[in-house]
Amino acid sequence: MLLYHSEIFEKHDTGTHPECIARIVNVNRMLEKQGWIERCTKPNWMAATLEQCKRNHTEKYLDQLHRWCEESAGRVESDTVVSSGSWDAATLAAGAACDAVRRVCRGEDTQAFCAVRPPGHHALRDAPMGFCLLNSVSIAAQHARSLGCEKVLIVDWDVHHGNGTQASFWEDPTVGFVSIHRFPFYPGTGRVDETGTGDALGTTVNIPVSAQTGPKSFLDQLATQTEKFAKKFKPDLILLSAGFDAHENDPVGGLSLQSEHYFEAGKWIAALAKEHCQGRLVSLLEGGYHLEHLPESLDAHLRGFISD
Ligand SMILES: [Zn+2]
């Protein structure tokens, strides 16, 4: 497995915000302690280029974001904070996803995990949103397309709907999007009847679940709907927006999952990738705000990846 981790993600200083530096510090500590850093291949990689970012974001927004970071602008949207280190962190996060896609597509490895922040799946083409600055998973999907992947499937199991990712590919039949999320909940999108438009009608699959949904039902619905879609869609590559905020103790999200359920989820998605795209799977950290359960859930997720 390829593993992307860096202390640069600690430069995105958000103060007392739930999406805080301690998240990645604790994740990196777990990766070390549990032997992942020793066991995995750790590629050198670069920040995403403007050209890569521009495949998903407007030039005007990228300029604005760069200025905000230079000015250490603080709160730039109701939930989103920017500081002087945020540009380097956000572009390095998107760059990790692009580098992982490139190496996986070239066959250097089949699986990759990017331990990055800030998260990305709420970021819109022209605006930050919900703790997210650049939509790393969308930038990575566009990068995969540019490298010749014909069909990319993005699975998003963060407890929040990946509205930014959905919007990126709403009209694009070559990138499928399956999201399971608590509903009604932030950001308010992700109804069953949101399925894409034009040629892309049916390439967005939303699985909204109530706050009372138990772990078995959550995992069953995710597996059933994703497998049904993947059979028809036939992806060359699977990207995963891996949020861990459906954990029962998460202070921001919260559903009913316990850390070990992410073992099952990881094992399931690795098997899905084997069935449909020779195992090619790139997973990116999105949400997850409990400072102990996040690293614990992530460790379970990675164990699931390699369990087969
Ligand atoms: Zn989330």
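Look above for the structure.
Residues numbered from 1 in each chain as written. Predicted model: local features only at pLDDT ≥ 70, side-chain atom pairs only at ≥ 80, totals over all residues. Heavy atoms only, no water.

Participant: Break down the pairing of strand β6 (residues 175-182) for me, citing the residues and quoting the values.
Facilitator: Among the eight residues that make up β6, eight are buried, leaving the element largely enclosed by the rest of the structure. Residues Val 175, Phe 177, Ser 179 and His 181 of β6 are buried on one face, and the alternating residues Gly 176, Val 178, Ile 180 and Arg 182, pointing to the opposite face, are buried as well. Of the pairings in the sheet, the one linking strand β5 (residues 152-156) to β6 comprises five bridges and is parallel in character. By the bridge assignment, Val 152 is partnered in β6 with Val 175. With helix α7 (residues 163-168) bridging β5 and its parallel neighbour β6, the resulting β-α-β unit is right-handed. Where β6 and strand β7 (residues 204-209) come together, six bridges link them in parallel fashion. Along β7, the bridge assignment pairs Arg 182 with Val 209. (Buried < 20%, exposed > 50% of the residue type's maximum accessible area, 1.4 Å probe, protein only. Helix = DSSP H or I, 4+ residues; strand = E, 2+ residues; numbered from the N terminus. Pairing = 2+ DSSP bridges. Right-handed = clockwise from strand over helix to strand, strands pointing away.)

Participant: Can you tell me about the coordination of the zinc ion, naming the residues and giving the values?
Facilitator: Coordination of the zinc ion by the protein involves Asp 158 (OD), Asp 158 (OD), His 160 (ND1) and Asp 245 (OD), with metal-donor separations of 2.0 to 2.8 Å. Around the zinc ion, the four donor atoms sit at angles spanning 52 to 154 degrees, and that spread fits a shape best called irregular. Counting residues between consecutive donors of the zinc ion along the chain gives the motif D-x1-H-x84-D. A residue pair is termed long-range when its members are at least 10 positions apart, and Asp 158 in the loop between β5 and α7 and Asp 245 in the loop between β8 (237-242) and α9 (261-277) qualify at 87 residues. What makes Asp 158 buried here is its relative accessible area of 0%. (Donors = N, O, S within 2.8 Å, 3.2 Å for Na, K, Ca; no water. Tetrahedral: all angles 85-135°; square planar, octahedral: opposite > 155°, others 65-115°.)

Participant: Got a sec to walk through the nonpolar core? Specific residues and values, please.
Facilitator: Ranked by size, the top nonpolar core spans 78 residues in total, and within it Leu 31, Trp 157, Leu 237, Ile 238, Leu 239, Ile 269 and Val 282 carry the most contacts. Each residue touching Ile 269, except ones within four places of it in the same chain, is listed here: Val 155, Trp 157, Ile 238, Leu 240, Leu 281 and Phe 305. Listed in part, the 15 residues of the second largest apolar core include Tyr 61, Leu 62, Trp 68 and Ile 139. (Core = buried A, V, L, I, M, F, W, Y, C linked by side-chain atoms within 4.5 Å. Contact = heavy atoms within 4.5 Å.)

Participant: Describe the packing of aromatic side chains, with residues and values.
Facilitator: Counted according to the given criterion, the structure contains six aromatic pairs. When the centroid spacing of 6.5 Å and the interplanar angle of 25 degrees are considered together, the rings of Phe 9 and Trp 45 count as stacked. Taken together, the residues Phe 9 in the loop between β1 (2-4) and α1 (21-33) and Trp 45 in the loop between α2 (36-39) and α3 (50-54) connect sequence positions 36 residues apart. Both residues of the pair, Phe 9 and Trp 45, count as buried. The rings of Tyr 4, Phe 9 and Trp 45 are connected pair by pair, giving a single aromatic cluster. In this arrangement the basic side chain of Lys 151 is found over the ring face of Phe 233, its NZ or CZ atom lying 4.9 Å from the centre. The ring of Phe 185 carries Arg 182 above its face, with NZ or CZ at 4.0 Å from the centroid. (Phe/Tyr/Trp six-rings, centres within 6.5 Å; stacked < 30°, edge-to-face > 60°. Lys NZ or Arg CZ within 6 Å of the ring centre and 35° of its normal.)

Participant: Can you break down the sheet that holds strand β9 (residues 281-285) residue by residue, with the values?
Facilitator: One open sheet holds the seven strands; their spatial order is β1-β4-β9-β8-β5-β6-β7, and the pairing between them is parallel. Looking at which strands have only one partner, the edges of the open sheet turn out to be β1 and β7. Shown here is a sheet whose adjacent strand axes are inclined to one another by a mean of 10 degrees, direction ignored. Here helix α10 (residues 293-306) sits on the sheet in contact with β4 (111-114), β8 and β9, set at roughly 170 degrees to β4. (Axes fitted to C-alpha atoms, helices over the stretch in contact; angles between N-to-C directions.)

Such coordinate-based values are descriptive only and should not be taken to indicate function.
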